[in-house]
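# Residue-level structural notes
So you can see what is in the structure, the chains are spelled out below.
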Amino acid sequence: MEVVIQRDSFPQLLEKLNRYNIWLPRKNGDYWEFKLSRGKESLDKKYTNTKLSPKKFVLPQTETLFQITEGENGKFNIDEKQKKDSLDIVFGIRPCDGVALSHLDKVFLNSFKDPYYSKKRDNTVFIGLACETPPFENCSCTTMGESPFSTKGLDILLKDIGDRYIVEYITDKGKKLFSGFPNLFGKITTKDKESLEKIKKESNKKIKKRVEDLSETTKKLDIMFDSDLWFHESQSCINCGICTYLCPSCHCFDINDEQLSKKPLNVKRVRTWDNCQFPIFTMHSSGHNPRPDKQSRYRRRIYHKFSYFYKTEGEHLCTGCGRCSNYCPAGINIFETLQKVAEYE
Amino acid sequence: MVHIEDIKKEAKRLLKEKKIKYLIGYKRGTNGLTALPTFIKEPEDTDELIWEASCIQNLSRYLVEEKKEQLKNKAENTLPVGIIAKACDTRSIAVLLQEKFLERKDIYIIGVSCEYGGVIDQKKIKKKFRGKKPEKVIFDKTNNLLIGTKFGNIKVPAEEILAERCIECKSTFPLLCDDVFGENVKRKISEHFNSIKEIEELPAESRWEFWHGHLEKCIRCFACRSVCPMCFCTECVVDPIELAVTNESTAREKAEKVKWIERSTTATDNIIFQLVRTLHLAGRCIDCGECERVCPVDIPIRLLNKKMEKTALEKFGYESGFDINMPSLISNFKDEDPQDFIR
Amino acid sequence: MEQYEPRIIAFLCKWCSSAGSDLAGVSRMKYPPNIIPITVMCSGSVSPLYVLSAFRNGADGVLISGCHPGDCHYIKGNFYARRKILLLTELLNYIGMDEKRFKMSWVSAAEGAKFTELAKDFVEEIRFLGPQNKLIRGN
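These figures come from a predicted structure and were not determined experimentally.

Here the focus is the overall build of chain A. What chain A contains, in helices and strands, is 11 helices and 12 strands. The C-alpha radius of gyration of chain A comes to 22 Å, within 12% of the 20 Å expected for a compact globule of 345 residues. Overall, the C-alpha framework of chain A stretches about 70 × 65 × 40 Å when taken along its three principal axes. Within chain A, the proportion of its 345 residues that are buried is 39%. Put simply, of all contacts in chain A between residues at least 6 apart along the chain, 73% involve residues at least 24 apart.

As structure tokens, this is what we get:
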């Protein structure tokens, strides 16, 4: 279902929602990030996309799973840290990041339902913002078979058509959120639909397709595990974690116990992001490391995204947002690698 | 003037005559203006080499990686590795030689003088040339840079787009080189420690707010550590304990490893990580500015290192990267070192 | 209201400062119990990480004390310490930590009185500043 909201009424909408935590993209120095809303605000026209992906709303970098504290009488109190019931509303998720959320759902909600993830997922409304122009040079959602108007993983999608947004409800959760104030929304006219179609067409045209045939890449990966290509592609890699930490789909984590005090005992178990590009990621306690060099680590990243995940879930674990390629210190471009793989003989 | 054709010719000769194993240089970037590192093995591939103000990276990091690989495989190095190095890059090689991590015979340095310029700052370029898609940067003798774009060349004063460290550069001429391209010119755009002056003059509370505000953003991708040529430890204080474990380690040793900071990204632990990193680089950092360039959350890491550089110079008269026979800063002392802070 | 009692970690070198604090004890000179001594082999062996770790684990102040220049049991350990600690002091000051929370001193085995004096002054100074909350773990 689609309705229309005027751009000018957007601050009013935020005001009506102010009992929830509202997150809006805001500029922090040179880059965008999601910040809590300060009240009457509107979506910045200049907004491109956030540098850090919105996965932090459902999979924070550091998340306490539970905490054990020792009481005065020697009894232990276990705090399960799952009390959060307040609703978070995130505005301005780009469709590629929405697709990434649907990937995370596949990981965390499929065969095993992760209670921490699912609680956060249920208590967050993701409101997307379609791209009328590609936010970055390296954007390429079309390569991954998505579009700048994709609705996957989102609850609501806003489509900017100049002075107003077309609001598309995708889930019931999204529909319920705005149902309380119908006077802010108007009916969609045929003229709106026409201008939307025009914008859609142009936007799709503006996004370059970086890999000609991705299915070819996936096929080739089966036969090139031992290829020299991995050495050459990863030669300039410096083993940092920018690509995976900025990636909206990467979801590897580590669980640690951290002691805050010995007496009285105060320990917490935390889940933190982990990173397959660090040498220690696969280090065994025997001292053996099955992925000892950067070529095997880079290969792992590509294989996980375009071969293993594709085989189990039928989708590539990449949304084409381009963050890894934009911010790689050594300028390694994932799309170029994929193209080279596709052309591999 | 540095002519890229001369460098290419020399590179070709070295590779043809099998004087070097391979050459680490710069090639045209595919994503924006910044040049990319390239590793050239065949003489005919030298055509892709470029030299201009977009050659930002400090390639000596890859010498460290090469050395680590060698140590791991216990392989004998037969031929030296060639590297194209700017003045600051050669200083970082000098520190690595001073600390005996690298051996002089293992490297072949093709030094290139920055002359009147230096390298660009990606962020400044992005701000200034949004939407204009700059394609190349050319030096000019009069402290101006020419930026080539689709709409023709645009002239910009150097300090508007040069990286901060190049504006404060001590010497634009490389040292320790086997080959040198470009002239040795004296140029000074700004005082050496201009960038930290502003922070130093703030009251203590504001300084704390500044650094706390920046460091709490840290996502621990460790790019600053990974990109630094001086960070070559096999064990880092911030890594989980397993890294120091070898085949010979006992269970007791594993269990008793000290955990200096936790995995949770708390502001305190981020600050401690950065402080330790800075202290480890005191008297070693040669201000190549790579740590700050790669930081995905724009923490001004360089300003921390700069403070240590200033302290080393003012209090101990020590400058890193100029003399490979000098003992390093903290493995040495003088009787007259300041001690007025000690009671 | 209970009076605030600061916690101060003191890294004392085994040969001079630790002996100096012992001398203060056997001579019945009183110094505040807020000083928690940790004996190290030499002031030169104190890594800056020890200091940061002490702050992280709740110290309100940190004291490093070694032999007078020229008296080091290992001949030059305290000279190295002097350089390292100056760098750390400058850096802590630069990021806005209160510089008064971190001190270095020379105390010989005969200077029980100096140690007592020093401890008293330091504790009073920290008591005035209040608890250290900038580098506490978990924050």
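Secondary structure summary: chain C contains four helices and four strands in total. When the helices and strands of chain C are read in sequence order from the N terminus, they spell out β-α-β-α-β-α-β-α. Relative to its length of 139 residues, chain C is compact, with a C-alpha radius of gyration of 15 Å against a globular reference of 14 Å. Counting only residues that meet the buried cut, chain C has 55% of its 139 residues in that class. Excluding contacts between residues fewer than 6 apart, the proportion of contacts in chain C whose partners are at least 24 apart in sequence is 82%.

Contacts between chain B and chain A engage 32 residues on the former and 35 residues on the latter. Going through the elements one at a time, β2 (36-40) and α9 (223-227) of chain B are the ones with two or more residues in the side of chain B that touches chain A. When grouped by side-chain class, the residues that make up the side of chain B that touches chain A number 13 nonpolar, 11 polar and eight charged.

Let's shift gears to the sheet that holds β2 of chain B. Residues and elements named next belong to chain B. The strand order across the open sheet formed by five strands is β2-β1-β3-β4-β8, and the pairing between neighbours is mixed. Only two strands of the sheet have a single partner each, and these edge strands are β2 and β8 (179-181). Across this sheet, the average inter-strand angle for adjacent strands is 30 degrees, counted without regard to direction. Here five bridges tie strand β1 (residues 23-27) to β2, and the two strands are oriented antiparallel to one another. In the strand pairing of β2, Ile-24 is matched with Phe-39. This element, helix α3 (residues 87-98), spans β3 (81-85) and β4 (107-112) of the sheet and lies at about 150 degrees to β4.

Residue and element names in this part refer to chain B. Backbone geometry at Lys-100 places phi at a positive 60 degrees, although glycine is not the residue there. On the secondary structure map, Lys-100 appears in the loop between α3 and β4. The exposure class assigned to Lys-100 is exposed, which follows from the 8 C-beta atoms found within 10 Å. Positive phi values are uncommon outside glycine, yet Phe-222 reaches one of about 60 degrees.

Residues and elements named next belong to chain A. One way to put it is that helix α6 (residues 214-221) packs onto helix α11 (residues 334-342) with a least axis distance of 8 Å and a crossing angle of 70 degrees. Of the possible angle classes, the one that applies to α6 and α11 is roughly perpendicular. For the pair α6 and α11, the crossing hand works out as left-handed. Contact with α6, carried on its side by Leu-214, Glu-216, Thr-217, Lys-220 and Leu-221, involves Leu-338, Val-341 and Ala-342 of α11 and no other residues of that element. Taken together, the residues that form the contact of α6 with α11 break down as five nonpolar, one polar and two charged.

All names here are of chain C. The sheet built from four strands is open, its strands ordered β2-β1-β3-β4 with parallel pairing. The open sheet has two edge strands, β2 (35-40) and β4 (102-106), and neither has a second partner. Neighbour-to-neighbour, the strand axes of the sheet open up by a mean angle of 20 degrees, direction not taken into account. In this sheet, β2 lies alongside strand β1 (residues 8-13) in parallel orientation, the contact comprising six bridges. Across the sheet, residue Leu-12 finds its bridge partner in β2, namely Thr-39.

A word on the pairing of β1 of chain C. Residue and element names in this part refer to chain C. With respect to burial, β1 is a largely interior element, six of its six residues being buried. Of the two faces of β1, both are covered, the one formed by Ile-8, Ala-10 and Leu-12 as well as the one formed by Ile-9, Phe-11 and Cys-13. With five bridges connecting them, β1 and strand β3 (residues 61-66) associate as parallel partners. Its bridge partner lying in β3, Phe-11 is registered against Ile-64.

Our next topic: the confidence of the model for chain C. It should be kept in mind that the predicted coordinates are not to be read in detail where pLDDT is low. Overall, the prediction assigns chain C a mean pLDDT of 92, with 99% of residues at 70 or greater. Scored by ipTM, the complex comes to 0.93, with pTM at 0.92.

Another point: the environment of Phe-128 of chain C. Residue and element names in this part refer to chain C. One can find Phe-128 in helix α4 (residues 112-129). Take Phe-128: there are 10 C-beta atoms within 10 Å of it, and that puts it in the exposed class. When the C-alpha positions of Phe-128 and Gly-138 are compared, they lie 25 Å apart, and in sequence the two are 10 residues distant.

For the rest of this paragraph, the subject is helix α13 (residues 301-316) of chain B. For α13 of chain B, which comprises 16 residues, the first-to-last C-alpha distance of 23 Å matches the rise-based estimate of 22 Å (1.5 Å per residue) to within 8%. The buried fraction of α13 of chain B amounts to 12 of the 16 residues, a majority that puts the element mostly inside the structure. Every buried residue of α13 of chain B is accounted for by Ile-301, Arg-302, Leu-303, Leu-304, Asn-305, Lys-306, Lys-307, Met-308, Glu-309, Thr-311, Ala-312 and Phe-316 of chain B. For α13 of chain B, the elements touching its buried residues are α6 (164-167), α7 (194-200), α9, α11 (267-281) and α12 (290-294) of chain B together with α3 (77-94) of chain C. One or two residues past the end of α13 of chain B sits Gly-317 of chain B, with phi positive at roughly 60 degrees.

Looking now at the environment of Val-341 of chain A. All names here are of chain A. On the secondary structure map, Val-341 appears in helix α11. Taking the C-alpha atoms as reference points, Val-341 and Leu-229, 112 residues apart in sequence, are found 8.0 Å from one another. Once residues lying within four places of it in the same chain are set aside, the contact partners of Val-341 are Thr-217, Lys-220, Leu-221, Met-224 and Leu-229.

Rules used in this analysis
Residues numbered from 1 in each chain as written. Chains lettered and ligands numbered in written order. Predicted model: local features only at pLDDT ≥ 70, side-chain atom pairs only at ≥ 80, totals over all residues. Helix = DSSP H or I, 4+ residues; strand = E, 2+ residues; numbered from the N terminus. Rg over C-alpha atoms; globule rule 2.2 N^0.38 Å. Buried ≥ 20, exposed ≤ 12 C-beta atoms within 10 Å, placed from the backbone. Contact = placed C-beta atoms within 7 Å. Nonpolar A, V, L, I, M, F, W, Y, C, P; charged D, E, K, R; others polar. Pairing = 2+ DSSP bridges. Axes fitted to C-alpha atoms, helices over the stretch in contact; angles between N-to-C directions. Parallel < 35°, antiparallel > 145°, perpendicular 65-115°, else oblique. Left-handed = near helix turned anticlockwise from the far one by under 90°. pLDDT = per-residue confidence, 0-100. Expected span 1.5 Å × (residues − 1).

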